[in-house]
Amino acid sequence: MSDRGTYIAYRIAVPPEFEEAFTHFYFAGNASGSSVQKSLLPSYQTILVFNFGGKVLLQSGEQETEVGKCLVLGPVKKAFDYTLSPGAEILVVNFKDDAFYRFFGRAMIDENLMPDPDELTGENCFSGLWKKLDELTDNEQRVRFILEFCSPYLKDRNIVGHRLANFDHDNLDIVKTVASATGQSPRNIQLQHKKRMGYSAREIGRYRRFLKAIEMIQQHTANASAVDWPDIIHECGYYDQSQLIHDFRHYLNLSPTKYLKFQKEICNPVS
């Protein structure tokens, strides 16, 4: 997408052999003469942001952080704003399911933010990686370099991790089902889910309900039709309108109607 040719943003697909670890890469650049601010919907993914241009700011609530050469954030559970100064360019790596845990042996970043990701390894891995990437000018080349660089470090899943990451039965309880299939207690599976994914099964269930509501709203607006709120409430499994409003305020700090007004300024990382 772009704003009058001055703000450029697009997704870069992941080769099939890496789809288990990454959902996609995302590039955004500001070619205008003034700063551009956007909002990012929560994705429940951990992201790695590389900055190749001007000043980039991330803001969540009262906290504002300047992105240096690279920064790790996540899992992203609530929307945040980012500001690109003139000339700023970012390349975002989106980790999938338990991939961040498989790379680094942890699923959550302290306070959800790590301004210096080299702390993850105790070495200058990311600084060195950024330097190599900065020498490249084509984002497709940058993505290929990142994938080649990280490939040797991705650890295999055990049976619990495999079942949690590949569970696709909406009408079944993931914790009880995986516990029964692996001969473990539900409590242990709950702990494994949190440890590997960085969030609980209950958290992700609530988020997916909210995301379905977002997708239905986007379908209505794409078709230039009025949003059918009662239908969204019913189809997404909300008890009533107040519960829908509560989720929008929780994830976006906006009401559903305010989201409708500002949705063009909000990027959906999973669409």
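Parameters at a glance
- Within any chain, residue numbers begin from 1 and follow the written order of that chain's sequence.
- Local features are withheld for residues below a pLDDT of 70 in this predicted model, meaning they are given only at 70 or higher, and side-chain atom pairs are given and counted only at 80 or more; totals for whole chains, interfaces and linings count all residues.
- Water and hydrogen atoms play no part in the side-chain values, which are based on all heavy atoms of the structure.
- Helix and strand assignments come from DSSP, with helices taken as H or I runs of at least 4 residues and strands as E runs of at least 2, each series counted from the N terminus.
- Note that the radius of gyration is over C-alpha atoms, with the globule rule given as 2.2 Å times the number of residues to the power 0.38.
- Throughout, exposure labels follow a simple rule: accessible area from a 1.4 Å probe, protein chains only, divided by the maximum for the residue type, with under 20% read as buried, over 50% as exposed, and the rest as partly exposed.
- Whether two residues touch is decided by their heavy atoms; if any such pair falls within 4.5 Å, the residues are in contact.
- In these tables, accessible area is a Shrake-Rupley quantity obtained with a 1.4 Å probe, and a residue counts as shielded only by the protein chains included in the view.
- Note on charges: Lys and Arg go in the positive column, Asp and Glu in the negative column, and His and the chain ends are not counted at all.
- Note on charges: their place is set at NZ of Lys, CZ of Arg, CG of Asp or CD of Glu.
- One requirement defines pairing of two strands: DSSP has to find at least two bridges between them.
- We define the nonpolar core as a collection of buried residues of types Ala, Val, Leu, Ile, Met, Phe, Trp, Tyr and Cys that are connected through side-chain atoms lying within 4.5 Å of one another.
- Should a side-chain nitrogen of Lys or Arg be within 4 Å of a carboxyl oxygen of Asp or Glu, the pair is scored as a salt bridge.

## Quick notes on the overall build of the chain
Looking only at helices and strands, the chain features ten helices and twelve strands. For the chain, whose C-alpha radius of gyration is 19 Å, the value lies close to the compact-globule estimate of 18 Å for 271 residues. With the C-alpha coordinates aligned to their principal axes, the bounding extent of the chain is approximately 50 × 50 × 35 Å. For the chain, the residues scored as buried account for 47% of the 271 residues in total. Expressed as a percentage of contacts within the chain between residues at least 6 apart in sequence, the contacts between residues at least 24 apart total 69%. Split by element, the accessible area of the chain, about 14300 Å² in all, is 48% carbon and sulfur. Across the chain, the centroid of the 31 positively charged side chains sits 4 Å from that of the 34 negatively charged ones.

## Section: unusual backbone geometry
A negative phi angle is the norm for most residues apart from glycine, just as the trans form is the norm for most peptide bonds. Residues Gly74 and Pro75 are joined by a peptide bond in cis, for which omega reads -5°. Residue position: Pro75 is located in the loop between strand S8 (70–73) and strand S9 (80–84). One non-glycine residue with positive phi stands out, namely Tyr44, at about 55°. Along the chain, Tyr44 turns up in the loop between strand S4 (36–40) and strand S5 (47–51). Accessibility expressed as a relative area gives 6% for Tyr44, which makes it buried.

## As for the pairing of strand S10 (residues 89–95)
A large share of S10 lies buried, amounting to six of its seven residues. Examined bridge by bridge, strand S3 (residues 22–30) and S10 share seven bridges and lie antiparallel to one another. Residue pairing for S10: Ala28 is matched across the bridge by Ile90. For S5 and S10, the ladder comprises five bridges, and the chain directions are antiparallel. Paired with Asn51 across the two strands is Ile90, which belongs to S10.

## Side note on the sheet that holds S4
The strands that make up a sheet pair up through hydrogen bonds in the backbone, lying either parallel or antiparallel. In space, the five strands of this open sheet follow the order S7-S6-S9-S4-S12, with mixed pairing throughout. The outermost strands of the open sheet, each flanked by one partner alone, are strand S7 (63–66) and strand S12 (266–267). Of the pairings in the sheet, the one linking strand S6 (residues 56–60) to S7 comprises four bridges and is antiparallel in character. Directly across from Leu57, in S7, lies its bridge partner Glu66.

## Here we look at the nonpolar core
Counting residues in hydrophobic clusters, the biggest one holds 34 residues, and the most contacted among them are Phe210, Ile232, Phe248 and Leu252. Where this core is concerned, the elements lending two or more residues are helix H4 (159–165), helix H5 (174–182), helix H6 (186–197), helix H7 (201–222), helix H8 (229–235) and helix H9 (241–252). Tallying contributions element by element places H7 first for this core, with nine residues.

## What about the pattern of salt bridges?
Enumeration according to the criterion identifies seven salt bridges in this entry. Close ionic contact of Lys77 with Glu203 constitutes a salt bridge, the shortest N to O distance being 3.1 Å. You can see Lys77 sitting in the loop between S8 and S9 and its partner Glu203 sitting in helix H7, a full 126 residues away along the chain. Look at Glu203 and you get partly exposed, because its relative accessible area is 23%. A salt bridge links Arg157 to Asp98, with the nearest nitrogen and oxygen atoms 2.9 Å apart.

Note that all results are geometric; they support no functional claim without further evidence.
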